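# Observations on the model geometry
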Amino acid sequence: MEAPSTPAHRGRVPWQGLLLAVSLLTFWSLPTTAQLALKLMPSNAAEWEDVLFLVYNLPEDLAGYAWFKGGRVDSKHQIASYRIDTGVNNPGPAYSGRETIYPNGSLLFQKVTLEDTGYYTLQAIKTHFHNEEVTGHLRVYPELPEPNITSNNSDPVEHKDPVVLTCEPEIQDTTYLWLINSQSVQNSTRLELSKDNRTLTVLHVTRNDTGPYECDIRNPVSASLSDPFYLNVLYGPEAPTISPSDTHYRSGANLNLSCHAASNPPAQYSWLINGRPKQSTQKVTIPNVTPNDSGSYTCFVHNSVTRLNGTAVRTITVSDDATQGSSGLSDGAIAGIVIGILAGIALIAALVYFLYIRKTGGVTLTTHLTRSMKSHNLP
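Summary of the structure given here.

### Description of the sheet that holds strand β18 (residues 213-219)
Spatially, β15-β14-β18-β19 is the arrangement adopted by the 4 strands of the open sheet, whose pairing is antiparallel. Across the chains shown, the open sheet's two edge strands, defined by having one partner strand only, are β15 (183-184) and β19 (222-225). As paired elements, β18 and β19 share 4 bridges and run antiparallel to each other. Bridge assignment links Ile-217 to a residue of β19, and that residue is Ser-224.

Written out as structure tokens, the structure is:
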């Protein structure tokens, strides 16, 4: 997915600028043998904008011009005519009061509307009545409003409900684009776009599909982006967990257990202690525990919307023996103490042995040890 570029709204082209273009063209337009031609300025018109039908390659020996609404010359649909010798515009049956013919034959059409879309024909009238004609097409587009997104289900259940998002309103000749997290959307195994791109279907909704969703609409003259739209995806509860992980407590300590499960809406919590209901809270607290508080502590979670449940069990042991559970000494610490004591005894024995040798001499001590070993039947 990629972020699309969004064109800015185009301002109206002032008729004074179009008039300048006509003046320059009139100054530059010399008789030519090329074919009579039209150019629309602008080529795509926004509603209420001024449009100029600019004429090129005028023939020689002109007496005047006539403009018609439609693809052919028809007096019933004549907008106006212009006589070069008098410089006068003569309105016809299709004249709306917004059209002006200039000396070079160009037609200024002010404040065009959607109904003005269609073909327009210029007849260049020669003095010898061998006239030439050219037809141009005017396309008027609306300034697009800000779109909005509607949904068949704003609170879908995860892995269960598909969601259909629709971009409103429906406007002809308009391109619809969808964005999720500011990235353009393409068809995939989980995302389906309608043929006109107005609707986006999200299949197998997950909790990661909350959005934001945006709808971008555009035509040749304008573009508009909707406000962000979010889904409230319902899920859970997931398998609950009990904290802290301690299972052994010393008599007189405080027992504080907390249960948590990912869920939307938040899960409802209740506790069972040795099969008996305790309280409907997320936490259970027992001050000054005794051995009678030992047993199984069960956390029960429930989502009232998805109607799913979950449980977690923690076995707690409370002992009066200070060396168990919360005695504060691990097996490694106890082993270290024992080794330290033995090392101390060995050091004292070595010191005594050293002092004894210095006092009695090595031979006497050796003899004494030999006799002592024989008296105890030692080899």
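Having seen the structure, we can now continue with the description.
### Digging into unusual backbone geometry
Of note, the amide linkage connecting Gly-236 to Pro-237 takes the cis form, showing an omega dihedral of 10°. Inspection of the secondary structure assignment puts Pro-237 in the loop between β19 and β20 (241-243). With an omega of 0°, the peptide bond running from Ser-243 to Pro-244 counts as cis. Positioned with a positive phi, Asn-181 is a non-glycine residue whose angle comes to about 55°. Within the secondary structure layout, Asn-181 lies in the loop between β14 (175-180) and β15.

### Regarding the packing of aromatic side chains
Per the counting criterion, the structure on display carries 4 aromatic pairs. With a centroid separation of 5.3 Å and 50° between ring planes, the pair formed by Phe-53 and Tyr-120 is classed as tilted. One end of the pair, Phe-53, is in strand β3 (residues 51-56); the other, Tyr-120, is in strand β9 (residues 118-126), and 67 residues separate them in sequence. An identical accessibility class is assigned to Phe-53 and Tyr-120; each is buried. Taking the ring centre of Tyr-141 as reference, the NZ or CZ of Arg-139 above it sits at 4.5 Å.

### Notes on the state of the cysteines
Counted according to the given criterion, the structure contains 2 disulfides. Here Cys-167 pairs with Cys-215 through a disulfide, and the sulfurs are 1.8 Å apart. Across the S-S bond of Cys-167 and Cys-215 the torsion is about -90°, and the bridge reads as left-handed. Taken together, the residues span a long stretch of sequence, with Cys-167 in strand β13 (residues 163-168) and Cys-215 in strand β18 at a distance of 48 residues. This pair shows no difference in class: Cys-167 is buried, exactly as Cys-215 is. The disulfide bridge from Cys-259 ends at Cys-299, spanning 2.0 Å between sulfur atoms. Where Cys-259 bonds to Cys-299 through sulfur, the torsion about that S-S bond is close to -95°, and the disulfide is left-handed. In this pair, Cys-259 sits in strand β22 (residues 255-260) while Cys-299 sits in strand β26 (residues 295-302), placing the two residues 40 residues apart along the sequence. What makes Cys-259 buried here is its relative accessible area of 0%. Under the relative-accessibility criterion, Cys-299 is labelled buried at 0%.

### Quick look at the sheet that holds strand β8 (residues 107-109)
Read across the open sheet, the 4 strands follow the order β1-β3-β8-β7; overall the sheet is antiparallel. Edge positions in the sheet fall to β1 (37-41) and β7 (99-101), since each of these pairs with one other strand and no more. If you compare each strand with its neighbour and ignore which way they point, the axes differ by 15° on average. Summarising the sheet, β7 and β8 pair through 3 bridges and their orientation is antiparallel. Residue pairing for β8: Glu-99 is matched across the bridge by Phe-109.

Reading guide: rules and limits
- Each chain has its residues counted from 1, following the order in which its sequence is written.
- Reporting of local features is limited, given that this is a predicted model, to residues whose pLDDT is at least 70; pairs of side-chain atoms are given and counted only at 80 or more, and all residues count toward the totals for whole chains, interfaces and linings.
- To get the side-chain values, take all heavy atoms of the structure and skip hydrogens and water.
- Paired strands, in this sense, are two strands between which DSSP finds at least two bridges.
- A run of DSSP states H or I qualifies as a helix once it reaches four residues; a run of E qualifies as a strand once it reaches two. Both are numbered from the N-terminal end.
- Any pair of Phe, Tyr and Trp rings, taking the six-membered ring for Trp, is counted once the centres come within 6.5 Å. Such a pair is stacked with planes under 30 degrees apart, edge-to-face with planes over 60 apart, and tilted for the rest.
- Note on exposure labels: buried denotes an accessible area under 20% of the residue type's maximum, exposed denotes more than 50%, and partly exposed covers the range between, all computed with a 1.4 Å probe on protein chains only.
- By definition here, charges over rings are those cases where NZ of Lys or CZ of Arg is within 6 Å of the ring centre and within 35 degrees of the ring normal.
- The criterion for a disulfide is a pair of cysteine sulfur atoms lying within 2.5 Å.
- All axes here are fitted lines through C-alpha atoms, helices being fitted over the stretch that makes contact, and every angle between N-to-C directions spans 0 to 180 degrees.

These results come straight from atomic positions and should not be treated as a statement about function.
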